[in-house]
Amino acid sequence: MPNKAMSKRNRSIQILCSIAIGIVFLFAVTVVFMLSGIFEIDRTKITISTKSVEALYDSSPLTNHEWKISRGEIKDGHNISVEFFGSQTNVGESPNYIEVTITDELGADVTSDYDVYYDLGILKVNPRVLVISSASDSKIFDGFVLENPNYAISSEHDGLVIGHSAIVNVTGSIIDIGEKPNTIESVFIYDRLGTDVTRNYNLFVREGTLKITSPYESSITPPFTSGSDLLPGPNSENAVLYSIYSELDDFAYLKMSSYGNYNGKAWSEAPVYDSLINDKYSAIYLISLLAQGKQRDINKVQIKSNYQPYALPYYTIPEKGNAEIQTNDVFFSGSISNAYTLSYLRIGSNYPSLNNNYKPLYKAFEAEYRKFVYENYLYIDDETREFMEGIIKKERFPKDTRYAIQVVASYIRNAAKYEANYDKAMEQESNVAIAFLSKYKAGLCKHYASAATLLFRALGIPARYTIGAVADLKAGEWTNVLAKQAHAWVEVYIDGTGWVYVEVTGGGRPSDSAHDENCDCDICDPNDHPFSATLTPITVRQKYNGTTLKATNLLKGFEEFEALGYTYDAVVEGERTSAGISTSIIKSIKIYDKNNTDVTSMFDLELNTGIVHVYLYALNFISPSDAFEYCTKPVPVARHTSGVLAPDHTFVIESTVVADAGILPNSFSVKILDENKNDVTDIYYIRKTYGTLIIQPREITIKAGDAEKKYDGTPLTCHKFSLESGTLVEGHFLAMPSFVGVQTQIGRSDNIVSDVSVLNSYGVDVTHNYIIKYTIGNLTITD
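Residues numbered from 1 in each chain as written. Predicted model: local features only at pLDDT ≥ 70, side-chain atom pairs only at ≥ 80, totals over all residues. Heavy atoms only, no water.

Section: the overall build of the protein chain
Summing up its helical and strand segments, the protein chain has eight helices and 56 strands in all. For the protein chain, with 783 residues in total, the buried portion stands at 45%. A sequence separation of at least 24 residues applies to 69% of the contacts in the protein chain between residues at least 6 apart. Element-wise, carbon and sulfur atoms account for 50% of the exposed surface of the protein chain, whose accessible area totals about 39600 Å². (Helix = DSSP H or I, 4+ residues; strand = E, 2+ residues; numbered from the N terminus. Buried < 20%, exposed > 50% of the residue type's maximum accessible area, 1.4 Å probe, protein only. Contact = heavy atoms within 4.5 Å. Areas by Shrake-Rupley, 256 points an atom, 1.4 Å probe, with all protein chains shown as cover.)

Quick look at the structure:
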């Protein structure tokens, strides 16, 4: 019984074990099939979509966290969570990446129960539009490079991201007349950290225009392409700028414009002085007004101008012709539709100056204008000043304006060679004027003029760079002034006088210029005698003793140059044995500088004859001193004080004084006559001692006229005047008054007269011999 029960139990265990083994076997087979892909469980399929988005580049990451299940669905009780990885910062595009996790109601990850598909959107960053414009600029041609590195970023487009900066390299330049784009060579954009982010911008470049216009341009515009070294305006260097008819032979300088300060490469515009002489004339007329009434060399010309600008010769006399009166002391202007006539002074270096007896109006104006000149035409940067002061110290230049003009001009002329094909690399130097004198030593008139202007300023002498043209005028002929005759020079201000032109350009001008190699004008000749000296052999004298008196090799007239270290070696010939006067002549002379270099060619020498005097008798004469008012008494006569005349000889004394107001020697001449009235002065040695004359100007008072009328609505003026006190010299008369005064309404106002001139019977201005006071008149309108 027990065995039967055990057997039954064993069979049950066997059955259970078999079932278990079967289940394990089935499970193992299932796993194997699943792993081998033979058997597959059906998983849920879903598609996740992310959104596309685009934006303008702003240096921040572009993201978008919008998503959806665009196909399929998750099982009930399951949850889905997402994580975004998509991001785009720089210009370009990339997928909007996302990852999902699916969990059941117990939080278990059941993502594997799903087939998840992705439909990714695109993150796109678009470039910013950046418009960069280089500056436009223009000027009248002055021979210097025009550059303008300025630029602007347009606000009408996207612009720069805040915190970004642009590095723009503007390289445009132009030196000749015409137009060129102001080239933008490169643009780089950097963020706050200095990273180059240029690729994130669409760059559009608008290049400005650099334009240099010719001073010759007019309403009838010629085709401008090339021309002279300074003003390359018309399409041919032989284009006629001006045609000038001249009464006299002359080499004239036609001024167009002056300039202000130097920046190392170019000259800026000069400031304009607003005040006018007599409320009418620019300060450029100072010299011609100061010289009026003097016996001066005057030339009359007629000018036909084909192009602007208006040009005038130096020292033009206002209102002596129909040339337009200038009110600007920097540049000239006027209509060129018709020919214009004018007169100008040919004064060379014999500049007029103010004195105590000159018209108070001119003296007061010049004093105020001088202050303006010294305030505006002495500036020089530190680097240039240091360089120029080194030259001044080495060369020992004087600071007296009139003499420094010659010294500086001579130095600059010989410091470099005039060369049309000079090394253009000089223009890229930071300071062209310094490079011209120290390194390249070759250039054009603009380089000479710039260097000289700065050297004058370093000496404390006001100077300004000036451009224009030169004209070799022929008497009674029309002369054409060509484009290639454009030129640059320096204006120097002389106290009490005004602006004078100074030629500083050295030799070697091109053979196709207006002058050939034989020309000796101020421009072409590098040794055009910047120094002038009148030399005379000293007088040698002895009383007759039968021996021969010979001239010495000593000269008069060289003293001021000796003080500066110059020496000379002269040969003088002349002799005499019998009583009388012979001449001595300078047969040869050589002049040396302080380095013992022969500089004779730098001097314009006037060689006079000297005196070799052998005498028989000696006489002494003296003229008295006196003080009196102009033309109120005769000049006191000289008298014989010692020495014995030969028998039957007599003397005649004649005053040689030109008795104008001022302090002057009481000069005289003496002539000795024999019994037959023959001049025998030569056998006498006449010693003359001059007294001093103090001739005081006459004082006169001029009264402006009075006028009165009843009110009628029209202006009341009165241009009458009278001599109220004092007297004029017989034959003198008053002329050319100026009046200021008008009354229109009921009431009274002043009638002011000024600027009255006194002329003699020959029409010569003798105003400087008078002190003129003025009395105001009355202009009255009654009811």
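Comments concerning the pairing of strand β31 (residues 531-537)
Counting buried positions along β31 gives five out of seven residues, so the element sits mostly inside the fold. With five bridges joining them, β31 and strand β38 (residues 603-607) adopt parallel strand pairing. Looking across to β38, one finds that Phe531 is bridged to Phe603. In this structure, β31 lies alongside strand β34 (residues 555-556), joined through two bridges in antiparallel fashion. The residue bridging Pro537 from the neighbouring strand is Leu555, located in β34. (Pairing = 2+ DSSP bridges.)

Focus: helix α4 (residues 382-395)
Under the 1.5 Å per step criterion, the end-to-end length of α4 is 20 Å for 14 residues, consistent within 8% with the ideal 20 Å. Listed as buried for α4 are Thr384, Met388, Ile391 and Ile392. When α4 is viewed along its axis, its buried side chains cluster within an angular range of 100° and face the same direction. Exposed side chains of α4 directed beyond 90 degrees from the buried face belong to Asp382, Glu386, Lys393 and Lys394. (Expected span 1.5 Å × (residues − 1). Arc of directions from axis to C-beta.)

Quick notes on the packing of aromatic side chains
One pass over the structure, following the stated rule, counts 33 aromatic pairs. Measuring from ring centre to ring centre gives 6.0 Å for Tyr315 and Tyr501, while their planes differ by 25°; the resulting arrangement is stacked. One end of the pair, Tyr315, is in the loop between β23 (312-313) and β24 (340-345); the other, Tyr501, is in strand β30 (residues 498-502), and 186 residues separate them in sequence. Given a relative accessible area of 7%, Tyr315 falls into the buried group. By relative accessible area, Tyr501 is classed as partly exposed at 22%. Measuring from ring centre to ring centre gives 5.7 Å for Tyr566 and Phe603, while their planes differ by 80°; the resulting arrangement is edge-to-face. With a gap of 37 residues between them, Tyr566 in the loop between α8 (559-562) and β35 (567-573) and Phe603 in strand β38 connect regions that are remote in the sequence. (Phe/Tyr/Trp six-rings, centres within 6.5 Å; stacked < 30°, edge-to-face > 60°.)

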